[in-house]
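Coordinates in review
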Amino acid sequence: MQFTFYGQSCFSVNIKGKNILFDPFITPNPKAKHIDVNSIQADYILLSHGHGDHVADALTIAKNTGAKIVSNYEIISWYAEKGHDNGHPLNHGGAWNFDFGKVKYVNAVHSSVLPDGTYGGNPGGFVIMSDEGNFYFAGDTALTLDMKLIPMTCPKLDFAVLPIGDNFTMGYEDAVIAAEFVECDKIIGVHYDTFGYIGIDHDAAKAAFEAKGKELILMEIGERKEV
Ligand code: NI
Ligand code: MN
């Protein structure tokens, strides 16, 4: 599966020829100035919650590409009001089969409000299950015991995308435990270094995962890799 990192918690994967983009926050990110938001292809845009650092460019990209937005009911309703009615609403614990694979919306411990102050429902994460691999994107969350439900209810994960920047989400120490809870050894770190509050020591973070026999991958913004 091809994985492209766009900074903060934004990335895209290509599964069965479909581009699935997660949590687009590019134009307001000073570290992602070299990314042209108008060049991003998307068939689906998955939004974990309504905070600006996860949805800033969602409407622009949705309008450019005609992508279907997948998120919780409240967020999908908000985009329909904004004029993008190609959406699929989920709520926690629910899954749906799309043409690239199955998406399950899972619990996150965080908050959520849309950029204009509209209630964004409860925040979540996603488990993506496909013929080309399975992965978990935690969204913004604290470490939570609910993560233990993922290996009980979903196929074995090939990798997990976890926030590691601390302050607004779990830090890397807790993310190591999260990786244990979801029974996954390959972690792609997100939600770090974008702002002062979430700066991390890369070597210390990687060493913390390595000490538990796990790999932490930290990608450059714009970098693409097979996972
Ligand atoms: Ni957030
Ligand atoms: Mn965030």
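Higher on the page you've got the structure.
Below you will find a few notes about this structure. Predicted, not measured: the structure shown is a model, and the values here were computed from it.

A short note on the coordination of the nickel ion (ligand 1)
In the first shell of the nickel ion (ligand 1), the protein supplies His49 (NE2), His51 (ND1), His110 (NE2) and Asp140 (OD), at 2.2 to 2.3 Å from the metal. One way to put it: the four donor atoms around the nickel ion (ligand 1) meet at angles of 89 to 176°, and that makes the site irregular. Here the donor residues of the nickel ion (ligand 1) share one chain and are spaced in sequence as H-x1-H-x58-H-x29-D. Owing to a relative accessible area of 1%, Asp140 belongs among the buried residues under this scheme.

Some words on the side chain of Ser12
Summarising the element assignment, Ser12 is placed in strand E2 (residues 10-15). Dropping the residues within four chain positions of it, Ser12 is found in contact with Gln2, Phe3, Thr4, Tyr6, Ile20 and Leu21.

Quick word on the pairing of strand E8 (residues 102-107)
As paired strands, strand E7 (residues 95-97) and E8 are joined by three bridges and run antiparallel to one another. Following the sheet pairing, Ala95 is matched in E8 by Lys104. Taken together, E7 and the strand that follows it, E8, pair antiparallel across an intervening segment of four residues, in which Gly101 is found at a positive phi of about 155°. Alignment of E8 against strand E9 (residues 124-130), held across six bridges, turns out to be antiparallel. Looking across to E9, one finds that Val103 is bridged to Ile128.

A look at the coordination of the manganese ion (ligand 2)
Looking at the manganese ion (ligand 2), one finds its protein donor set to be Asp53 (OD), His54 (NE2), Asp140 (OD) and His191 (NE2), positioned 2.1 to 2.2 Å from the metal centre. Coordination of the manganese ion (ligand 2) draws on donor residues from a single chain, spaced D-H-x85-D-x50-H in sequence. Between the two metals, the manganese ion (ligand 2) and the nickel ion (ligand 1), the spacing is 3.1 Å, and Asp140 donates to both. Within this pair, whereas His54 is found in helix H1 (residues 52-55), its partner Asp140 is found in the loop between strand E10 (133-137) and helix H4 (149-153), the two being separated by 86 residues in sequence.

Quick word on the pairing of strand E1 (residues 2-7)
Moving residue by residue along a regular strand, the side chains alternate between the two faces of the sheet. With five of six residues buried, E1 lies mostly within the body of the structure. Here five bridges tie E1 to E2, and the two strands are oriented antiparallel to one another. Its bridge partner lying in E2, Thr4 is registered against Ser12. In this structure, the hairpin formed by E1 and E2 is closed by a connection of two residues, where Gln8 is found at a positive phi of approximately 50°. As paired elements, E1 and strand E14 (residues 224-226) share three bridges and run antiparallel to each other. Bridging across to E14, Thr4 finds its partner in Arg224.

Let's talk about the packing of helix H5 (residues 172-181) against helix H6 (residues 202-210)
At a minimum axis distance of 9 Å, the contact between H5 and H6 shows a crossing angle of 30°. Put simply, H5 runs roughly parallel to H6. The two elements H5 and H6 meet at a crossing, and its hand is right-handed. Along its contact with H5, which presents Tyr172, Ala175, Val176 and Ala179, the element H6 presents Ala204, Ala205, Ala208 and Phe209.

About the cut-offs
Residues numbered from 1 in each chain as written. Chains lettered and ligands numbered in written order. Predicted model: local features only at pLDDT ≥ 70, side-chain atom pairs only at ≥ 80, totals over all residues. Heavy atoms only, no water. Donors = N, O, S within 2.8 Å, 3.2 Å for Na, K, Ca; no water. Tetrahedral: all angles 85-135°; square planar, octahedral: opposite > 155°, others 65-115°. Buried < 20%, exposed > 50% of the residue type's maximum accessible area, 1.4 Å probe, protein only. Helix = DSSP H or I, 4+ residues; strand = E, 2+ residues; numbered from the N terminus. Contact = heavy atoms within 4.5 Å. Pairing = 2+ DSSP bridges. Axes fitted to C-alpha atoms, helices over the stretch in contact; angles between N-to-C directions. Parallel < 35°, antiparallel > 145°, perpendicular 65-115°, else oblique. Left-handed = near helix turned anticlockwise from the far one by under 90°.

All we've got here are geometric facts, nothing functional implied.
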